[in-house]
Amino acid sequence: MADKNQIKIRVKLKGYDSEVVDKSAKSIIETAVSTGAKVSGPIPLPTKRSVFGVKRSTFVYKSTFEHFEMKVHKRLIDIIDPTPKTIDSLQHLQMPAGVGIVIQ
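Residues numbered from 1 in each chain as written. Predicted model: local features only at pLDDT ≥ 70, side-chain atom pairs only at ≥ 80, totals over all residues. Heavy atoms only, no water.

### Comments concerning the nonpolar core
Right, on to step 1. With 13 residues, the main nonpolar core has V11, L13, I28, I77 and I79 as its most contacted residues.
Right, on to step 2. Broken down by secondary-structure element, the contributors of at least two residues to this core are β1 (8-15), α1 (18-34) and β3 (65-80).
Right, on to step 3. The leading source of residues in this core is α1, at five residues.
Right, on to step 4. Sequence-distant contacts of I28, defined by excluding residues within four places in its chain, comprise V11, L13, I77, I79, L90, L93, M95 and I101. (Core = buried A, V, L, I, M, F, W, Y, C linked by side-chain atoms within 4.5 Å. Buried < 20%, exposed > 50% of the residue type's maximum accessible area, 1.4 Å probe, protein only. Helix = DSSP H or I, 4+ residues; strand = E, 2+ residues; numbered from the N terminus. Contact = heavy atoms within 4.5 Å.)

Below, the structure is given as structure tokens:
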């Protein structure tokens, strides 16, 4: 059971490519475990899906649309009882392009 006095760092990852987000989550977990912290996650959050319709042409085929889809994949990682070494290594961790990271 979680103690109320435990310090917890919550890491949120967002990205358009699920493989890159998963690799980033794996590197964060490996870094945290190697410095002696406990890790909970990665928890996959619901994927946000956006569909856009764009007209194919302005003249002859103006009544037809082309549809494009964009998905945002999200992961949540909780780091329980981090050491100062854990915090320092997380700040200096290199993330690949296309992955947004928020540390709380």
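Structure's up, so let's keep going.
### With respect to unusual backbone geometry
When glycine is set aside, most residues are seen to have a negative phi, and most peptide bonds are trans.
Right, on to step 1. Phi is positive for D81, which is not a glycine, with a value near 55°.
Right, on to step 2. Among the secondary structure elements, D81 is positioned in the loop between β3 and α2 (84-91).

### Observations regarding the pattern of salt bridges
Note that side chains of opposite charge can pair when their charged atoms are close.
Right, on to step 1. As enumerated under the stated definition, the model contains three salt bridges in all.
Right, on to step 2. Close ionic contact of D78 with R10 constitutes a salt bridge, the shortest N to O distance being 2.8 Å. Taken together, the positions of D78 in strand β3 and R10 in strand β1 put the pair 68 residues apart, joining distant regions of the chain.
Right, on to step 3. Since its relative accessible area comes to 8%, D78 is described here as buried.
Right, on to step 4. Between R49 and E69 there is a salt bridge whose closest N-O contact spans 2.3 Å. Of the two residues, R49 is situated in strand β2 (residues 38-55) and E69 in strand β3; the sequence distance between them amounts to 20 residues.
Right, on to step 5. Residue class for R49 comes out exposed when judged on its relative accessible area of 57%.
Right, on to step 6. With a relative accessible area of 45%, E69 lands in the partly exposed category. (Salt bridge = Lys/Arg side-chain N within 4 Å of Asp/Glu carboxyl O.)

### Quick notes on the sheet that holds β2
Right, on to step 1. Taken in spatial order, the four strands line up as β2-β3-β1-β4 in an open sheet, and their pairing is antiparallel. Single-partner strands in this sheet number two, and they are β2 and β4 (99-103). Each strand of the sheet is rotated relative to its neighbour by a mean of 15°, with strand direction disregarded.
Right, on to step 2. Where β2 and β3 come together, 14 bridges link them in antiparallel fashion. Considered in β3, the bridge of R49 is made with K71.
Right, on to step 3. Relative to the sheet, α1 contacts β1, β2, β3 and β4, its axis offset from that of β3 by approximately 10°. (Pairing = 2+ DSSP bridges. Axes fitted to C-alpha atoms, helices over the stretch in contact; angles between N-to-C directions.)

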